[in-house]
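# Secondary and tertiary structure notes
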Amino acid sequence: MYMIPYSSRSSSSLMDLFDEFERSVFGESGRRTPIFSTDIRDEGDHYLLQAELPGFRKEDIDLDVKDNVLTITAQHQEENEAKTGSYLCKERRSGSFSRSFNLEGIQEDGITAAYQNGVLELAMPKRQEVLPQSRKIAIQ
């Protein structure tokens with residue numbers, strides 16, 4: 001799913017309807033691996049993307065930029081330790097979580113990232129409009 005950080009999107013979309021239908025039919029335990037939540041704010045000269053990734057270590061998160069698309073991937077590995085007893089409830093999942101964002105209008109080489117307290121923050125500077133420059137030509 002591509003998300004354009006500078007366009008307005010309504011809070012209820014077709015995907016929200018599908019998600020609600022899936023929850024009503026299969027319940028929470030039958031759902032696919034959830035996609036992490038993000039907020040994107042316009043900070044004037046840059047956009048600030050905040051992604052909630054609680055329980056991940058910085059080393060579990062991969063940021064990849066290719067063909068004007070930013071992909072955030074976070075991966076939990078299941079512990080291989082022998083567990084005693086059985087689960088009464090198991091909501092924490094292992095696996096790979098991934099989300100992609102369109103970087104149109106973003107200066108890709110200026111993107112910076114920080115991860116603290118389960119929140120990944122990316123500062124994405126806006127691409128500056130290149131204005132044609134004029135110059136004088138000396139006559140010899």
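Right above here is the structure, for reference.
Take the side chain of Asn 102 next. For Asn 102, the position within the fold is in strand β5 (residues 95–102). Overall, Asn 102 belongs to the buried group, its relative accessible area being 17%. A polar atom in the side chain of Asn 102 sits 2.7 Å from the backbone nitrogen of Glu 104.

Here the focus is the pattern of salt bridges. Inspection of the entire model under this criterion finds three salt bridges. Among the salt bridges present, the one from Asp 42 reaches Lys 126, with a minimum N-O distance of 2.8 Å. Linking Asp 42 in strand β1 (residues 38–42) with Lys 126 in the segment after β7 (119–125), this pair joins segments that are 84 residues apart in sequence. Asp 60 is the salt-bridge partner of Arg 57, the closest N and O atoms lying 3.1 Å from each other.

Once that is clear, we can look at the pairing of strand β2 (residues 46–52). The buried count for β2 comes to five of seven residues, which makes it a mostly enclosed element. Across five bridges, β1 lies against β2 in antiparallel orientation. In the strand pairing of β2, Arg 41 is matched with Leu 48. Hairpin remark: β1 followed by β2, antiparallel, with three residues in the connecting loop; positive phi at Gly 44, about 95°. Relative to β7, β2 is paired through seven bridges, and the arrangement is antiparallel. Bridged to Tyr 47 within β7 is Met 124.

What counts and what doesn't
- Residues numbered from 1 in each chain as written.
- Predicted model: local features only at pLDDT ≥ 70, side-chain atom pairs only at ≥ 80, totals over all residues.
- Heavy atoms only, no water.
- Helix = DSSP H or I, 4+ residues; strand = E, 2+ residues; numbered from the N terminus.
- Buried < 20%, exposed > 50% of the residue type's maximum accessible area, 1.4 Å probe, protein only.
- Polar contact = N/O pair within 3.5 Å; in protein donor to acceptor, adjacent residues only side chain to side chain.
- Salt bridge = Lys/Arg side-chain N within 4 Å of Asp/Glu carboxyl O.
- Pairing = 2+ DSSP bridges.

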